[in-house]
Amino acid sequence: MSAAVRAARGWIGTPYLHGASRQGAGADCLGLVRGVWRAVMGGEPEAVPPYTADWTEVRAREALLEAVARWLRPVPAGRALRPGEVLAFRMREGGLAKHLGIVAEAGAAPRFVHAYAGRGVVESPLSRPWARRVAARFDFPEKE
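Residues numbered from 1 in each chain as written. Predicted model: local features only at pLDDT ≥ 70, side-chain atom pairs only at ≥ 80, totals over all residues. Heavy atoms only, no water.

Caption draft 1: Representation of the packing of aromatic side chains. One pass over the structure, following the stated rule, counts five aromatic pairs. Aromatic pair Phe112 and Trp130: ring centres 5.2 Å apart, planes at 70°, arrangement edge-to-face. Taken together, the residues Phe112 in strand S6 (residues 111-116) and Trp130 in helix H4 (residues 128-131) connect sequence positions 18 residues apart. An aromatic cluster is built from Phe89, Phe112, Tyr116 and Trp130, whose rings are joined through pairwise contacts. (Phe/Tyr/Trp six-rings, centres within 6.5 Å; stacked < 30°, edge-to-face > 60°. Helix = DSSP H or I, 4+ residues; strand = E, 2+ residues; numbered from the N terminus.)

Now the structure itself:
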């Protein structure tokens, strides 16, 4: 099991709290990824500006994808899903990428760890409705 998957699963049960990133106390989807980064890579590479929890937000700029791409590596096109990848989701057609998760299991029954309102940090099947919303996939960089 990858270090990122181990770390992400350690957050399961953490309540949902927008803008938070504290294992056991509260996290949103970005907070979960930030916490896994700290566990796997060390200190966070940049401060996180304020952001909304609105999945229907309309803007011209993909701020979340831009920030993720600054620190994580895009997965090569056509590569099979791997545990530890960070998934970015568009929750509605034409919307911005506003949700993140970490692949826990690949293969015939893929699963991912994520946080969202009303459920907290959970591990869910990467079902067809979730899979069709994946906008981008990323790997954590190699630790120096």
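Caption draft 2: A look at the side chain of Thr14. Structurally, Thr14 can be placed in the loop between helix H1 (3-10) and strand S1 (21-22). Setting aside chain neighbours within four positions, we find Thr14 in contact with Arg22, Gln23, Gly24, Ala25, Gly26, Ala27, Gly120 and Val121. (Contact = heavy atoms within 4.5 Å.)

Caption draft 3: The arrangement of the packing of H1 against helix H2 (residues 29-40) in detail. Put simply, H1 and H2 touch, their axes get as near as 9 Å, and they point 130° apart. It follows from the interaxial angle that H1 and H2 lie oblique. In the crossing of H1 with H2, the sense of the turn from one axis to the other is right-handed. Contacts between H1 and H2 pair Ala3, Ala4, Ala7 and Ala8 from the former with Leu32, Val36, Ala39 and Val40 from the latter. (Axes fitted to C-alpha atoms, helices over the stretch in contact; angles between N-to-C directions. Parallel < 35°, antiparallel > 145°, perpendicular 65-115°, else oblique. Left-handed = near helix turned anticlockwise from the far one by under 90°.)

Caption draft 4: View of the pairing of S6. Most of S6 sits out of view: five of its six residues are buried. Both strand S5 (residues 97-105) and S6 contribute to a ladder of four bridges, which runs antiparallel. Across the sheet, the residue bridging to Val103 is Phe112, located in S6. Bridge analysis of S6 against strand S7 (residues 120-125) gives six bridges, and the strand direction is antiparallel. By the bridge assignment, Arg111 is partnered in S7 with Pro125. Counting the residues in the hairpin turn of S6 and S7 gives three residues, including Gly118, whose phi is positive at 85°. (Buried < 20%, exposed > 50% of the residue type's maximum accessible area, 1.4 Å probe, protein only. Pairing = 2+ DSSP bridges.)

Caption draft 5: Summary view of the pattern of salt bridges. Considering all chains together, one arrives at 12 salt bridges under this definition. For Glu66, the salt bridge identified is with Arg61, shortest N-O distance 2.8 Å. Taking the relative accessible area as the measure of exposure, Arg61 reaches 51% and is therefore exposed. Arg79 serves as the salt-bridge partner of Asp139, at 2.9 Å between the closest nitrogen and oxygen. (Salt bridge = Lys/Arg side-chain N within 4 Å of Asp/Glu carboxyl O.)

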